[in-house]
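Observations on the model geometry
The residues making up each chain are set out below.
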Amino acid sequence: MSNLEPDPSEILCGPGGGAGGETLEGRAVPLGGPRAMTVTRTLPHVHRRMIGAWCFVDAYGPEQAEMRVAPHPHTGLQTVSWLVAGEVLHRDSLGSLQAIRPGSLNLMTAGRGISHSEESRLGTLHGVQLWVALPGGHREVAPAFEHHAVLPVLSGPGYAATVFMGALGGIRSPATAYSPLVGAEIAVDGDAEVPLDPAYEHGLLLLDGEVAALPPGPLLYVPPGREVVRLSGAGRVLLVGGEPFAEEIVMWWNFVGRSHDEITAFRKEWMEGDGFGTVRGYDGAPLPAPALPGTRLKARGRVR
């Protein structure tokens, strides 16, 4: 899933700061179509727009919905698709055709440019769509796609954490990552102490069930310096984190770049060129790019 707002504002990646934790309330974003889903977007947030290299968090469901996201482009990021319930079919301009189901990972590295589509039949859908910003040295890598059906699990008293990106407590995902980070689904059953890397900032999002201190909806930000997070209850929690991202970036529509001129060039290429390739097999036309705003887009840091 991607940013399908018909009139997207600049997605500002940046400061909110403060030594204590923050509750990042999400905003409802409709994705369009007759049976459209409405997602809750907690990153980018008006005050804190990144957690590590994670720059986009959309949570959706559980609900009866049909996903139909027409071919669209990406640059400078990785899309991380994680499901709690349902099934989604991914197609891309590399020729990939891969269904994702709960417990498996679809990871697409856009690099210098790729296009893809996502679709599902009408049924229960519940999951998260995440983006990871690629650091400067890797943001123009060749596009790639990975599917991981089996992922490692870190277990301890009261929890089992499936590590789908990066590393947690010495357990490392096989998925390709370009910066120090972690992405995991933590199944909580009782009282748990989950290890954290104190060099990382983290975000926690309740996916289902009831877990103390995590109300449904908002993303809880945890600043660097914490070596453990204590969770209690019965449910599933999304954990994302990483070393604070030092670079300033521009996020607009489905592009991550470094300047207004780059974004303009990406948009022009999608509308007029062939640099993003062709998604074959999707029954429908590609998404047109929205009009650029009247003011120049600015590269910004991770917090406002």
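Structural notes, computed from the coordinates. (Residues numbered from 1 in each chain as written. Predicted model: local features only at pLDDT ≥ 70, side-chain atom pairs only at ≥ 80, totals over all residues. Heavy atoms only, no water.)

**Structural notes on the sheet that holds strand β5 (residues 68–74)**
Sheets are built from strands paired through backbone hydrogen bonds, the pairs being either parallel or antiparallel. With antiparallel pairing, four strands are arranged side by side in an open sheet as β5-β10-β7-β8. Of all the strands in the sheet, just β5 and β8 (97–100) have a single pairing partner and so form its edges. For this sheet, the mean inter-axis angle between neighbouring strands, taken without regard to orientation, is 20 degrees. (Pairing = 2+ DSSP bridges. Helix = DSSP H or I, 4+ residues; strand = E, 2+ residues; numbered from the N terminus. Axes fitted to C-alpha atoms, helices over the stretch in contact; angles between N-to-C directions.)

**Considering the environment of Leu-43**
Summarising the element assignment, Leu-43 is placed in strand β3 (residues 38–43). For Leu-43, a relative accessible area of 0% puts it in the buried group. Each C-alpha atom of the pair Leu-43 and Arg-304 lies 13 Å from the other, and the pair is 261 residues apart in sequence. The contact partners of Leu-43, leaving out residues within four places of it in the chain, are Leu-24, Arg-48, Arg-49, Met-50, Ile-51, Trp-54, Cys-55, Phe-56, Val-57 and Leu-219. (Buried < 20%, exposed > 50% of the residue type's maximum accessible area, 1.4 Å probe, protein only. Contact = heavy atoms within 4.5 Å.)

**Details of the nonpolar core**
The nonpolar side chains of a soluble globular protein tend to be buried, and buried together. Formed by 40 residues in total, the largest nonpolar core has its most connected members in Trp-54, Val-80, Leu-105, Leu-130, Phe-164 and Met-165. When residues of this core are traced back to their parent elements, those giving at least two are β4 (54–65), β6 (77–85), β9 (105–109), β11 (123–133), β14 (159–168), β17 (201–211), β18 (219–222) and β19 (228–242). Leu-154, Leu-168, Leu-204 and Val-211 belong to the second-largest nonpolar core, a separate cluster that totals 22 residues. (Core = buried A, V, L, I, M, F, W, Y, C linked by side-chain atoms within 4.5 Å.)

**Some points on the sheet that holds β11**
Strand order in this open sheet of seven strands is β2-β3-β4-β11-β6-β9-β12, and the pairing throughout is antiparallel. Of all strands in the sheet, those with a lone pairing partner are β2 (27–30) and β12 (144–148), marking the two edges. With direction set aside, neighbouring strand axes in the sheet form an average angle of 20 degrees. Sheet topology places β2 next to β3; four bridges connect them, and they run antiparallel. By the bridge assignment, Val-29 is partnered in β3 with Val-39.

**Description of the pairing of β6**
With respect to burial, β6 is a largely interior element, eight of its nine residues being buried. In the sheet, β6 pairs with β11 via eight bridges, with the strands oriented antiparallel. Within β11, the residue paired with Val-80 across the bridge is Leu-130. Relative to β9, β6 runs antiparallel, the two sharing five bridges.

**Let's talk about the pattern of salt bridges**
Scanning all chains against the criterion turns up 13 salt bridges. A salt bridge links Glu-201 to Arg-48; the nearest nitrogen and oxygen atoms lie 3.7 Å apart. Residue Glu-201 is found in strand β17, and its partner Arg-48 is found in the loop between β3 and β4; the two are separated by 153 residues along the sequence. Comparing Glu-201 with Arg-48 shows no difference in burial state: the two are buried. Between Arg-302 and Glu-201 there is a salt bridge, and its shortest N-O distance comes to 2.6 Å. One end of the pair, Arg-302, is in the segment after α1 (260–272); the other, Glu-201, is in strand β17, with 101 residues separating them in the sequence. Judged by relative accessible area, which is 0%, Glu-201 ranks as buried. A single salt-bridge network, built from bridges that share partners, covers Glu-22, Arg-48, Glu-201 and Arg-302. (Salt bridge = Lys/Arg side-chain N within 4 Å of Asp/Glu carboxyl O.)

**Observations regarding unusual backbone geometry**
Here the residue pair Leu-43 and Pro-44 is connected by a cis peptide bond, since its omega of 0 degrees sits within 30 degrees of zero. Gly-61 connects to Pro-62 through a cis peptide bond whose omega is 5 degrees. Looking at the element boundaries, Pro-62 is found in strand β4. Phi is positive for Ala-213, which is not a glycine, with a value near 75 degrees. Secondary-structure assignment places Ala-213 in the loop between β17 and β18. Classification of Ala-213 as exposed rests on a relative accessible area of 69%. Even without a glycine there, the phi angle at Trp-253 is positive, about 55 degrees. Its place among the elements puts Trp-253 in the loop between β20 (250–252) and β21 (255–257). The class for Trp-253 is buried, based on a relative accessible area of 2%.

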